[in-house]
Amino acid sequence: MAKINPSFSKELKKYGAFDFNACYNCGTCTATCSLSTKDDSFPREMVRYSTLGLEDEIKSSLKPWMCYYCGECSTNCPREANPGELMMSLRRWLTAQYDWTGLSGLLYKSLLLTTVLFVLSALGVIWYSARLDFHLDAIMHLGHLFEMFAILSVFVLILLPNLLRMWLYVEGKREKKAPLKSYFKSLGDLFIHMFTQKRALGCDDNQTRWLEHLILVFGYLLLLFTTVFLDWFSATNIFIIALGYIESTAVFIITFDFMRRRMQKEKEVSKHSQPSDWLFVIWLFLMGFTAFGVRLFIDLNILEQNTWLYLVHIIVLFQWAVLIVPFGKWTHFLYRSFAMYLAAIKEQGVKA
Ligand code: SF4
Ligand code: SF4
């Protein structure tokens, strides 16, 4: 028998949802959604589950990840129940359920805690740099080691166990288990969706957003590769230096445009930003911008006199790596791709 959580509505509102109880189940949102299909019908069903407090059904569902937030359903909802924002809030809530540490949920729900952790992490970096007498070479060496260490440890200790929990929630509920070979057969879907988010192209007005997103994903991942594995800040090869400049420029220009749209609230998707949305775009902007600045100061030979710039960069990087990537909005990128992978596995299982 389905378990009902009577306080689910109240809980979900802490993740950003509006008054979805106003929904009278007309189905206009589902009819409007260009990504909803007969087999994967949403968002009405998710609104219904949320109203009823069917927590387990939501936890085992991939449907919140199938939505790419074009906002069409919210624009057309006659009750202003904002189903698009509900789907977004469900994604935040699911992220908190997958996270074994519980920190993700706490950060989504408490701006105070988020601020405290961001301030403490900045102070931690400054304190450690002070112990190194703010010696630029020593801080840069440590910063580079940290980048490598952070990538590996965050993935192994936080993201991998969380993906396993997501898989357990989804697959544990399935009556017909997918055969093992479908996990291999569907691997292509995982990477295609991770790098291209091609499903978003199905949204009626998403083409520009999709292209920007594509450039941002490639810019960000390549910048990560260039700084960590090609050691951009110490590189002397002109191609590596130019590559880093191009990637960091792409990252900060596109994220600046994201911030502009959130401020102007032109479209439904940018109207209801939560602190986690702001932190994501601002920190990504700062990462690209400060990385660009650091390399520019190296090339102008003035970084030595401006250690503060590298310090700002490493603080931003540290907060990004230990707070936003494992517990913040960055995880949506990973869970959405994994959801597409699980959906493809399910499809293979049905065919088998
Ligand atoms: S959310 Fe709005 S459009 Fe969707 S079923 Fe409810 S009332 Fe209808
Ligand atoms: S926001 Fe767009 S993609 Fe998401 S459920 Fe609504 S109409 Fe569908």
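Residues numbered from 1 in each chain as written. Chains lettered and ligands numbered in written order. Predicted model: local features only at pLDDT ≥ 70, side-chain atom pairs only at ≥ 80, totals over all residues.

**Structural notes on the domain arrangement of the protein chain**
This is how the line gets drawn: For the purposes of this description, domain bounds are those given by an automatic or database domain assignment. Contact definition: two residues whose C-beta atoms, as placed from backbone geometry, lie within 7 Å. A run of DSSP states H or I qualifies as a helix once it reaches four residues; a run of E qualifies as a strand once it reaches two. Both are numbered from the N-terminal end.
Here the domain parsing of the protein chain yields domain 1 (8-98) and domain 2 (111-351). Domain 1 puts 20 residues into the contact, and the matching count from domain 2 is 26 residues. Mapped onto the side of domain 1 that touches domain 2, the elements with two or more residues apiece are helix H6 (72-76) and helix H7 (83-98).

**Considering unusual backbone geometry**
Between Phe42 and the following residue, Pro43, the backbone shows a cis peptide bond with an omega angle of 5°. Its place among the elements puts Pro43 in the loop between helix H2 (28-32) and helix H3 (44-52).

**Topic: the environment of Tyr69**
Among the structural elements, Tyr69 can be located in the loop between helix H5 (63-66) and H6. C-alpha separation for the pair Tyr69 and Gly84, spaced 15 residues apart in sequence, amounts to 6.0 Å. Ignoring anything within four residues of it in the chain, the contact list for Tyr69 reads Gly84, Met87, Met88 and Val269.

**Observations concerning the site of ligand 2**
To keep it simple, the criterion reads: Whether a residue is near a molecule or strand depends on its C-beta atom, generated from backbone atoms, being within 6 Å of that molecule or strand. Just so you know the grouping, Ala, Val, Leu, Ile, Met, Phe, Trp, Tyr, Cys and Pro go in nonpolar, Asp, Glu, Lys and Arg go in charged, and all remaining residues, Gly too, go in polar.
For ligand 2, the set of nearby residues contains 16 residues, the closest of which are Cys33, Cys67, Cys70, Cys73 and Gly84. Where the shell around ligand 2 is concerned, the elements lending two or more residues are H6 and H7. Here the shell around ligand 2 gets three residues from one element, more than from any other, and that element is H7. Tallied by class, residues from the shell around ligand 2 come to 12 nonpolar, three polar and one charged.

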